[in-house]
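# Fold and geometry: a report
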Amino acid sequence: MSRDGKPLTGKVAFVAGASRGIGAAIAATLAAQGASVAVAARSEETGRVPGTIHEVAGRIAAAGGRALPVACDVTNEESVQAALATTVTELGGIDILVANAGVLWLGPVESTPLKRWQLCLDVNLTGVFLVTREAIPYIRARGGGSLIAVTTTGVNMTDRGSNAYWVSKAAVERLYLGLAADLRPDNIAVNCLSPSRVVLTEGWQAAGGGEIPADMVEPPETMGRAAALLAAQDGAGITGTVQRSETLLAAV
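This text gives an overview of the structure that appears in the document.

What follows deals with the overall build of the protein chain. Regarding its fold elements, the protein chain presents eight helices and seven strands. Structurally, the protein chain occupies a C-alpha span of about 55 × 40 × 40 Å along its principal axes. By residue count, 47% of the 252 residues in the protein chain fall in the buried class. Put simply, of all contacts in the protein chain between residues at least 6 apart along the chain, 70% involve residues at least 24 apart. Accessible surface computed for the protein chain: about 11,400 Å², of which carbon and sulfur atoms make up 53%. For the protein chain, the separation between the mean place of its 20 positive charges and that of its 23 negative charges on side chains is 3 Å.

Within the element layout of this structure, Leu121 appears in helix α4 (residues 114-141). Each C-alpha atom of the pair Leu121 and Ala62 lies 36 Å from the other, and the pair is 59 residues apart in sequence. For Leu121, the contacting residues outside a window of four places in its chain are Thr126 and Ser168.

This part covers helix α5 (residues 164-183). What sets the pattern is the α-helix's 3.6 residues per turn: residues three or four places apart point alike. The terminal C-alpha atoms of α5, which comprises 20 residues, lie 28 Å apart, in line with the 28 Å expected from a rise of 1.5 Å per residue. Of the residues making up α5, those classed as buried are Ala164, Tyr165, Trp166, Ser168, Lys169, Val172, Glu173, Tyr176, Leu179, Ala180 and Leu183. Of the residues flanking the start of α5, the one acting as N-cap is Asn163, its side-chain oxygen 3.0 Å from the backbone nitrogen of Tyr165.

Attention now moves to the sheet that holds strand β6 (residues 188-194). Here we have seven strands laid out as an open sheet, ordered β3-β2-β1-β4-β5-β6-β7, and parallel in their pairing. What marks the edges here is a single partner per strand, and that holds for β3 (66-71) and β7 (241-244). Neighbour-to-neighbour, the strand axes of the sheet open up by a mean angle of 20°, direction not taken into account. Note that strand β1 (residues 12-16) and strand β4 (residues 96-99) share four bridges and pair parallel. Bridged to Phe14 within β4 is Leu97. Sheet strands in contact with α4 are β4, β5 (145-150) and β6, and its direction is about 175° off that of β4.

Let's shift gears to the packing of α4 against α5. Relative orientation of the contacting elements α4 and α5 amounts to 20°, with a least axis distance of 8 Å. As far as their axial angle goes, α5 and α4 are roughly parallel. Here α4 and α5 pass one another in a crossing that is right-handed. Judged by residue contacts, Trp117, Cys120, Leu121, Asn124, Leu125, Val128, Phe129, Thr132, Ile136 and Arg140 of α4 engage Ala164, Tyr165, Val167, Ser168, Lys169, Ala171, Val172, Leu175, Tyr176, Leu179 and Leu183 from α5.

With the rule as written, the count across this model stands at six salt bridges. Measuring nitrogen to oxygen at the nearest pair gives 2.9 Å for the salt bridge that ties Glu134 to Arg133. Classification of Arg133 by relative accessible area gives partly exposed; the value is 33%. Taken together, the shared-partner salt bridges connect Glu77, Arg133 and Glu134 into one network.

So, on to unusual backbone geometry. Residues other than glycine seldom take positive phi values, yet Asn187 does so here, at roughly 65°. The residue Asn187 is located in the loop between α5 and β6 in this model.

Looking now at the packing of helix α1 (residues 21-32) against helix α7 (residues 220-231). At a minimum axis separation of 8 Å, α1 and α7 run at an interaxial angle of 55°. The angle between α1 and α7 places the two elements in the oblique class. Crossing of α1 against α7: the hand is right-handed. Residues Gly21, Ile22, Ala25, Ile26, Thr29 and Leu30 of α1 form the contact with α7, whose own contacting residues are Pro220, Glu221, Met223, Gly224, Arg225, Ala227, Ala228 and Ala231.

Thresholds, definitions, all that
Residues numbered from 1 in each chain as written. Predicted model: local features only at pLDDT ≥ 70, side-chain atom pairs only at ≥ 80, totals over all residues. Heavy atoms only, no water. Helix = DSSP H or I, 4+ residues; strand = E, 2+ residues; numbered from the N terminus. Buried < 20%, exposed > 50% of the residue type's maximum accessible area, 1.4 Å probe, protein only. Contact = heavy atoms within 4.5 Å. Areas by Shrake-Rupley, 256 points an atom, 1.4 Å probe, with all protein chains shown as cover. Lys, Arg positive; Asp, Glu negative; His and termini not counted. Charge placed at Lys NZ, Arg CZ, Asp CG, Glu CD. Expected span 1.5 Å × (residues − 1). Polar contact = N/O pair within 3.5 Å; in protein donor to acceptor, adjacent residues only side chain to side chain. Pairing = 2+ DSSP bridges. Axes fitted to C-alpha atoms, helices over the stretch in contact; angles between N-to-C directions. Parallel < 35°, antiparallel > 145°, perpendicular 65-115°, else oblique. Left-handed = near helix turned anticlockwise from the far one by under 90°. Salt bridge = Lys/Arg side-chain N within 4 Å of Asp/Glu carboxyl O.

Structure follows, in structure tokens:
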């Protein structure tokens, strides 16, 4: 804990998919706990779904935090490389990565267009791979830090069938569980985090996620607090786990 009582003071976080929803909530919480935050996403201007990186960074700054809006397409290698390099140049390094960028497709496999299947893999899996691969050397250079990938409880809900979204997130969990062993000697914590219940984000609404009973809804701020706890870890702390937000917070 730093002198100002904020556990992440002096840390720099790169949050992919931070223009709205869970990513925006995580970015705001990390900043409130002292981190300088790169708010990264494609959304530089208001589109079909509300939320931009500039709006999120502005709210963080208005609350007294430090935020840098960074344009980033996680499916584009050069875009990812440029976004992380800009973060290091402007904020001094990277200690924390939150790989949150994602797209939703919950349709049955037999009625899933190939382009939707591929989009889920490109954004939800390859996007996580790219931002993670590019962040590792920067975090290693800082002497350690934390990698967090946002996944979903749907990975375990095999009684409810299969879809491209759950498959892509399951692959991310396998990627990060193995990566934890690889990066423990570098003092880097590697964990997955999912909501315990449904977060009604702007993306969920735009994708036609449907009505959810009130007792099954989790506010995005819960994910923010859980991510902040994992962001404070390194290789000697919590690592190699798949965490559910409410369960994690209840255990500490």
